[in-house]
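For reference, the chains in residue letters:
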Amino acid sequence: MAAMTDTSLASFEQQINARLRAGDVAGASAAAAACRAALPEARAGWHFGSVTALLAGQKDEALALADHWLQGHPGDAEGLLQRAECLLAQGDRAAAMGAAAAAIEAGTTPEIWDAIGFFLFHAAEHPLALSAYERALAARPHDTDLLAKRAVIHRTLGDFTRAAADFRAVIEHAPGDANALKALVELEPQTPEHNDIALLEAAMRGRRADSKAAAALHFGLAKAYDDIGDYPASWGHLKAGNRIERAALQYDPATDRAVIDRLIETFADVESIAPDTTGEAPIFIVGLPRTGTTLVERILGRHSAVHAAGELPAFTDAVSFAVRRASRDVPRDWPQFAARFANTNAAEIARDYLAFARALRGERPRFTDKQPTNFFFCPLILRAFPQARIVHLTRHPLAACYAIFKTHFSGGHPFSTDLGELGAFYLGYRRLMDHWHQILPGRIYDVAYEDLVSDFEPTVRGLLEHLGLPFEAQCLEFHLNPTPTSTASVVQVRQPLYDSSLRHWRHYEQQLAPLAEQLAAGGITLE
């Protein structure tokens, strides 16, 4: 009988997982319900029932299924973790973290602590995530995957010494680990006397020239050679790493151009002030990546009235829901999706955005959303939240483009991997922001990165005044902000400002010359 039951359970699990892999959430849910009916004492039916309910947006049902299982198995770590997932989806952050902490205590294996740590890291509960990985590594101290994950948490929390130690432990057990080597070089300044170039180059030998690992090593070598002042070698590795990344992408620059065209056509006239349905005044920090958005977030996050919520996907998600509700069919592509923005319901966008952001927005009166590419949505932001403030970061065009090109986004910003495509995207971005300024006069506040660096306090005072916030001196000490950060500028934003960053791109002026010509031909002033 036991063998038949085991076989039946295995069959249910196989069926549920197959349907989830195929994207058939309803089918997986039905299979989970059948499992519960046939095998009510098996975790799988309750667990997968809860998982599929969450995927279907049925948050109350998901929590009910998780809680039903826990009534009979209160110390089940996997069940407690699923309960935490459900509570966070409902926006009950405190209860979710309580369930996750209980899951850590109930856990008995590195695998479950790893799963809990992963959940907590993505819930931005980094100290608690660290405690989960401490438990996992106590049980399995030489596991390189666990060591790398703990290193990332240390780095996010600003403990660069412990992060570097963990990355070095990874390299000790796996000498050619490309991601650990690159991460170590990014954490530690390289000098002619003390550097990790030999380790990186040794790891490169024997790698497939077009592999993801080779790309990571090229970016690591680019940073190392830049640190020691060998700029031609650094540029060569940047080009090689980006070339590998570009080959792996399905990206058509014409799509981005078409989106910008549609947006300018769709929002052609000056926007009037929309009715305020929420009374909320979120602060949206927008612009290209690597232009100072994280710096401004950390400045504002030091203010007693502002919570820094990070890079939220919430506005994109809210707009997606609104477009689907307003459409008779599903938009076939990004340009068609953008063309339908004007027909969306602003009150619904505001409602959904606040619901999606609730678990991360904090308890302070105001909060920041530092999703840089929200610049696509400026009119929709102000329709949904008439009291919102949009802070737009700018930077010298070549400084911005060089900073983007040298960053290993791993597909996150597909326009970043080819200098010509980066130039085309930059021109489109500038064209769109110029248009937004025309139709939203006085409602987008530009902050130049150069002003932050060279005229810091007056720039911060002006920013706070625009946001309707009283000046607080601690905003000037952004580098002391203990808030975790995982952006590409994780190291820089924990240091005082330095003006060498304003001129650094000039070491590559010759290599950037084709980009400079492209931007100038597009009407961009470079001096």
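Everything numeric here is computed off the predicted structure, so don't read it as measured data. (Residues numbered from 1 in each chain as written. Predicted model: local features only at pLDDT ≥ 70, side-chain atom pairs only at ≥ 80, totals over all residues. Heavy atoms only, no water.)

> Sorry, what's going on with the overall build of the protein chain here?
Counting its regular elements, the protein chain contains 26 helices and 5 strands. Its C-alpha radius of gyration of 25 Å places the protein chain within 12% of the 24 Å reference for a compact globule of 527 residues. Principal axes of the C-alpha set define a box for the protein chain whose edges measure 80 × 60 × 45 Å. Considering the protein chain as a whole, with its 527 residues, one finds that 51% of them fall into the buried category. Excluding contacts between residues fewer than 6 apart, the proportion of contacts in the protein chain whose partners are at least 24 apart in sequence is 69%. Total accessible area on the protein chain stands at roughly 23200 Å², and carbon and sulfur atoms take up 52% of it. Placing the 50 positive and 64 negative side-chain charges of the protein chain at their respective mean positions leaves the two points 2 Å apart. (Helix = DSSP H or I, 4+ residues; strand = E, 2+ residues; numbered from the N terminus. Rg over C-alpha atoms; globule rule 2.2 N^0.38 Å. Buried < 20%, exposed > 50% of the residue type's maximum accessible area, 1.4 Å probe, protein only. Contact = heavy atoms within 4.5 Å. Areas by Shrake-Rupley, 256 points an atom, 1.4 Å probe, with all protein chains shown as cover. Lys, Arg positive; Asp, Glu negative; His and termini not counted. Charge placed at Lys NZ, Arg CZ, Asp CG, Glu CD.)

> Before we go on, may I ask you to explain the pattern of salt bridges in this structure?
Pairs can form between side chains of opposite charge whenever their charged atoms are close. This model, assessed by the stated rule, comprises 31 salt bridges. Across the salt bridge formed by E78 and R43, the nearest N and O atoms sit 3.3 Å from each other. Within this pair, whereas E78 is found in helix α5 (residues 77-89), its partner R43 is found in helix α3 (residues 43-55), the two being separated by 35 residues in sequence. Taking relative accessible area as the criterion, E78 reaches 29% and is therefore assigned partly exposed. Given the relative accessible area of 32%, R43 is considered partly exposed. A salt bridge links E457 to R461; the nearest nitrogen and oxygen atoms lie 3.0 Å apart. Placement of the pair is E457 and R461 together in helix α24 (residues 456-466), with a separation of 4 residues, close to one helical turn. (Salt bridge = Lys/Arg side-chain N within 4 Å of Asp/Glu carboxyl O.)

> Would you mind showing me how to read helix α2 (residues 25-38) here?
Because each turn of an α-helix spans 3.6 residues, side chains separated by three or four positions end up pointing in the same direction. Here α2 is 14 residues long and its end C-alpha atoms lie 20 Å apart, about the 20 Å a rise of 1.5 Å per residue gives. What α2 keeps buried is the set G27, A28, A31, A32, C35 and R36. (Expected span 1.5 Å × (residues − 1).)

> Please explain unusual backbone geometry as it appears in this structure.
Outside of glycine, negative phi angles account for most residues, and trans bonds account for most peptide bonds. A positive phi angle, close to 60°, is found at A124, a residue other than glycine. Overall, the relative accessible area of 38% leaves A124 in the partly exposed class. Phi at R290 is positive, roughly 70°, even though this residue is not glycine. In this structure, R290 sits in the loop between β1 (283-286) and α16 (293-301).

> Can you walk me through the nonpolar core in this structure?
The nonpolar side chains of a soluble globular protein tend to be buried with one another. Judged by nonpolar contacts, the single largest core of 68 residues is most densely connected at F315, F341, Y353 and W436. Sorting elements by how many residues they give to this core places helix α22 (residues 419-439) first, with 9 residues. The contact partners of F341, leaving out residues within four places of it in the chain, are L263, F267, V319, V323, W334, F377 and L380. Core analysis: the second largest hydrophobic core is formed by 60 residues, A123, L146, A163 and Y225 among them. (Core = buried A, V, L, I, M, F, W, Y, C linked by side-chain atoms within 4.5 Å.)

> Mind showing me how you'd approach the sheet that holds strand β4 (residues 389-394) here?
The parallel open sheet is built from 5 strands, whose spatial order is β2-β3-β1-β4-β5. The open sheet has two edge strands, β2 (306-308) and β5 (444-448), and neither has a second partner. Sheet twist, expressed as the average angle between the axes of neighbouring strands with direction ignored, equals 25°. Bridge count for β1 against β4 is 4 bridges, and the pairing is parallel. What sits directly across from I285, in β4, is V391. The sheet contacts of α24 involve β4 and β5, and relative to β5 the element is tilted by about 170°. (Pairing = 2+ DSSP bridges. Axes fitted to C-alpha atoms, helices over the stretch in contact; angles between N-to-C directions.)

> Whenever I open this one, the packing of helix α8 (residues 126-139) against helix α9 (residues 144-156) confuses me. Can you help?
When two helices pack together, their arrangement is given by the angle between their axes and by how far apart the axes lie. Here α8 crosses α9 at 155°, and the two axes come no closer than 10 Å. In terms of orientation, α8 lies roughly antiparallel with respect to α9. The handedness of the crossing between α8 and α9 comes out as left-handed. In contact with H126, A129, L130, Y133, E134, A136 and L137 of α8, α9 contributes L146, L147, K149, R150, I153, H154 and T156. (Parallel < 35°, antiparallel > 145°, perpendicular 65-115°, else oblique. Left-handed = near helix turned anticlockwise from the far one by under 90°.)

> Explain the side chain of R340 to me, please; I cannot follow it from the model alone.
Relative to the helices and strands, R340 resides in the loop between α18 (334-339) and α19 (346-357). A residue is classified by how much of its surface remains accessible, and R340, at 16% relative accessible area, is buried. Looking at R340, its side chain comes within polar contact range of the side chain of S327, at 3.1 Å. Beyond its immediate stretch of four places on either side in the chain, R340 contacts V323, S327, D329, V330 and P331. (Polar contact = N/O pair within 3.5 Å; in protein donor to acceptor, adjacent residues only side chain to side chain.)

> For this particular structure, what's the right way to read the environment of F284?
Considering the arrangement of structural elements, one finds F284 in strand β1. The exposure class of F284 is buried, given its relative accessible area of 0%. Apart from residues lying up to four places away in sequence, F284 is in contact with F315, Y353, D369, N374, I381, F385, A388, R389, I390 and V391.

> Please explain the environment of T191 as it appears in this structure.
On the secondary structure map, T191 appears in the loop between α11 (178-187) and α12 (197-204). When its relative accessible area of 28% is taken as the criterion, T191 is described as partly exposed. In this structure, the C-alpha to C-alpha distance between T191 and D159, residues 32 residues apart in sequence, is 21 Å.

> Is there a simple way to think about the packing of aromatic side chains in this case?
For any two aromatic rings, the description comes down to two numbers: the centre-to-centre distance and the angle of the planes. Tallied over the entire structure, the rule returns 23 aromatic pairs. With a centroid separation of 5.4 Å and an interplanar angle of 85°, the aromatic rings of F337 and F341 are classed as edge-to-face. Of the two residues examined, F337 and F341, each falls in the buried class. The side chain of R36 reaches across the aromatic face of W46, ending 5.5 Å from its centre. R395 extends its terminal NZ or CZ atom over the ring of Y449, reaching a point 4.4 Å from the ring centre. (Phe/Tyr/Trp six-rings, centres within 6.5 Å; stacked < 30°, edge-to-face > 60°. Lys NZ or Arg CZ within 6 Å of the ring centre and 35° of its normal.)

> Whenever I open this one, the confidence of the model for the protein chain confuses me. Can you help?
Residues shown with low pLDDT carry predicted positions that ought not to be read at fine detail. Residues with a pLDDT of 70 or more make up 96% of the protein chain, whose mean pLDDT is 93. Scored below 50 in pLDDT, residues 1-6 makes 1 contact in the model with residues more than four places away or belonging to other chains. (pLDDT = per-residue confidence, 0-100.)

> Would you explain the side chain of H392 in this entry?
You can see H392 is positioned in strand β4. Within polar-contact distance, the side chain of H392 engages the side chain of Y429 at 2.7 Å. Each residue touching H392, except ones within four places of it in the same chain, is listed here: V286, G287, Y429, M433, H437, I444, Y445, D446 and V447.

> Which parts of the structure should I look at to understand the pairing of β4?
Within a regular strand, side chains alternate between the sheet's two faces. Sheet analysis places β4 next to β5, joined by 5 bridges and oriented parallel. Bridge pairing in β5 places V391 opposite Y445.

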